[in-house]
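Fold and contact review
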Amino acid sequence: MADEAPTGPAAGESVAVVVVTYNRADLLAHMLDGLAAQTRPADAIYVIDNASSDHTRALLTEQVAAARPGLPLHVTHAEENLGGAGGFHLGVQMAFAGGHDRIWLMDDDVVPAPDCLEVLLAQDEACLMAVREDTHGALVEKAALRFDLRNPLSVRPKTAMVETEYGSRDRMPERVELQNVAFEGFMLRREVVEAIGLPDPSYFIFYDDVDYAVRARRAGYRIWAVRDAVLVRQLPFDQQHDLSGWKGYFMYRNLFVVHLRYGENALVRLKPWLVTAAVVLLSPLRGGRAEARNVIRAMRDARGMRVRPSGSVD
């Protein structure tokens with residue numbers, strides 16, 4: 001899982017940052033401050049505003065007018081909420097069309113340390129991941145060291161995470177190989193986009209990053225978490241407890257899609273059906289009718305998403 005081999009920077013590469021935001025203007029402001037403070041500034045920053053209804057538009061208009069050093073903004077205001085998946089699809093498409101060598105994906109609730117981009121660029125690899133911590137400095141990197149799509153008895157495919165494997169950043173090797181990523185600090189070279197295409201917008205939210213990592217790995221790319229590339233997450237992880245709400249539908253549906261698309265045997269591809277049956281049977285004891293409705297609808301809709309995305313960049 002670990003690799004200590006020294007690597008060197010690829011000189012002259014241009015870097016575009018893709019930021020997707022929705023109704024979190026205050027968090028976005030901190031995130032943009034973090035980008036402006038980078039010791040190695042980005043060459044372009046593509047911000048996709050998913051039709052926010054708060055003061056995001058006003059904030060971005062002000063930031064563009066200010067023309068701050070280190071903040072070369074290109075802002076797109078979507079006419080409707082494309083979801084995180086749709087936003088990253090559009091942003092990567094724009095950054096690729098802009099001819100950039102590397103593309104760094106960023107959510108609006110993270111803040112990179114001043115040297116984060118410089119540290120990543122010192123790694124001569126096609127797929128890299130910054131390592132997240134919370135506002136108190138505790139390691140919260142949930143990217144998977146093992147993501148098991150082979151064992152049908154593995155209830156959850158993520159069987160080991162950076163956070164649980166190492167506990168703290170100082171216990172990590174310089175680089176750790178990952179099997180999935182989050183679109184919070186993931187960096188890829190344009191050759192990866194050429195090989196596997198764009199992120200799949202049909203996920204809307206959740207698992208679009210997992211899908212992309214699976215596609216990259218199956219195309220022969222290795223993904224490395226870089227210990228000293230620090231990314232601070234401004235919000236806690238609490239969305240996994242919302243399985244009876246609208247987010248729960250997408251969590252179930254998109255997890256099922258990953259199994260149906262990439263399960264390595266028939267039993268793994270059967271798991272979504274078994275999970276659906278179990279959730280429905282147990283709904284009187286946990287989750288209730290709302291979660292049962294979510295999982296039934298998720299299973300139905302996941303079946304229509306079994307076809308893997310194309311490798312097109314259009």
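Let us look at the structure shown here. (Residues numbered from 1 in each chain as written. Predicted model: local features only at pLDDT ≥ 70, side-chain atom pairs only at ≥ 80, totals over all residues. Heavy atoms only, no water.)

Details of the environment of E165
Let me state the cut-off plainly: Secondary structure elements are defined from DSSP: runs of H or I of at least 4 residues count as helices, runs of E of at least 2 residues count as strands, and each element is numbered from the N terminus. Here's how the labels work: a residue is buried when its accessible area is under 20% of the maximum for its type, exposed when over 50%, partly exposed in between, all with a 1.4 Å probe on protein chains only. Residues count as neighbours in contact if any of their non-hydrogen atoms are within 4.5 Å of one another.
Its place among the elements puts E165 in helix α5 (residues 162-166). E165 gets classed as partly exposed once you look at its relative accessible area, which sits at 45%. Considering only alpha carbons, one finds E165 and L32, 133 residues apart in sequence, at a separation of 31 Å. Setting aside anything within four residues of it in sequence, one finds E165 in contact with L145 and A160.

Some remarks on the side chain of T56
By the secondary structure assignment, T56 is in helix α2 (residues 56-66). A residue is classified by how much of its surface remains accessible, and T56, at 0% relative accessible area, is buried. If sequence neighbours within four positions are ignored, T56 has contacts with T21, N23, R24, A25, L28 and D49.

Side note on the nonpolar core
To be explicit about the condition: Within this scheme, the nonpolar core is defined by two criteria: the residues are buried Ala, Val, Leu, Ile, Met, Phe, Trp, Tyr or Cys, and they are joined through side-chain atoms within 4.5 Å.
I103, L105, L178 and F186 are the most contacted members of the largest nonpolar core, which totals 40 residues. If one sorts the elements of this core by residue count, helix α3 (residues 83-97) sits on top with 4 residues. Those residues in contact with F186, other than ones at most four positions away along the chain, are I103, W104, L105, C127, L128, M129, V181, Y212 and I223.

Overview of the layout of surface pockets
Sizing a probe to match a water molecule and rolling it over the atoms shows the empty space that remains. Our working definition: Here a cavity denotes grid points, spaced 1 Å and computed from the protein atoms alone, that fit a 1.4 Å probe unable to get out, and a pocket denotes an open set having protein on both sides within 12 Å along at least 5 of 7 lines; residues with an atom within 4 Å of a point are the lining. Grid points are joined across faces, edges and corners, and a volume is the space filled by probe spheres set on the points. Each residue gets one of three labels, nonpolar for Ala, Val, Leu, Ile, Met, Phe, Trp, Tyr, Cys and Pro, charged for Asp, Glu, Lys and Arg, and polar for the others, Gly among them.
Roughly 160 Å³ of internal volume is contained in the second largest pocket. For the lining of the second largest pocket, the element with the highest residue contribution is helix α7 (residues 208-218), accounting for 3 residues. In the lining of the second largest pocket, the residues fall into 3 nonpolar, 1 polar and 5 charged.

Observations concerning a nonpolar patch on the surface
Applicable threshold: Without a salt bridge and with relative accessible area above 30%, a residue can belong to a patch; like charges are then joined within 9 Å and nonpolar side chains (Val, Leu, Ile, Met, Phe, Trp, Tyr) within 5 Å. Using a 1.4 Å probe, accessible areas were evaluated by the Shrake-Rupley method; residue-level cover was limited to the displayed protein chains. By convention in these notes, a salt bridge is any Lys or Arg side-chain nitrogen within 4 Å of a carboxyl oxygen on Asp or Glu.
The grouping of L267, L270, W273 and L274 at the surface amounts to a nonpolar patch, some 400 Å² of accessible area in total. Turning to its location among the elements, L270 is positioned in helix α9 (residues 266-282).

Topic: the pattern of salt bridges
A complete count under the given rule lists 25 salt bridges for this structure. R40 is the partner of D43 in a salt bridge, and the nearest nitrogen-oxygen pair spans 3.0 Å. Looking at D43, the relative accessible area reads 38%, which means it is partly exposed. With relative accessibility at 23%, the residue R40 sits in the partly exposed group. Where salt bridges share partners, they join R24, D107, D108, D109, R132, E141, E184 and R233 into one cluster.

Some points on unusual backbone geometry
Even without a glycine there, the phi angle at F204 is positive, about 65°. In this structure, F204 sits in the loop between α6 (190-196) and α7. On the basis of relative accessible area, F204 is assigned to the partly exposed category, the value being 22%. Phi angles above zero are rare outside glycine, and Y207 is one such case at about 70°. Relative to the helices and strands, Y207 resides in the loop between α6 and α7.

Observations concerning the packing of helix α8 (residues 246-262) against helix α10 (residues 288-303)
Counted only if it meets this: Fitted lines through C-alpha atoms serve as axes, helices being fitted only where they are in contact, and the angles separating the N-to-C directions of these axes extend from 0 to 180 degrees. Each helix crossing is assigned a hand: it is left-handed if the near helix lies turned anticlockwise from the far helix by less than a right angle, otherwise right-handed if that turn is clockwise.
Two elements in contact, α8 and α10, have axes whose closest approach is 8 Å; the angle formed by their N-to-C orientations is 35°. The handedness of the crossing between α8 and α10 comes out as right-handed. Here G248, Y249, Y252, R253, F256, V257 and L260 of α8 come into contact with α10, specifically with E291, N294, V295, R297, A298, M299, D301, A302 and R303. Here the residues of the contact of α8 with α10 are counted per class, giving 9 nonpolar, 2 polar and 5 charged.

Spatial relationships are all this shows, so hold off on functional conclusions.
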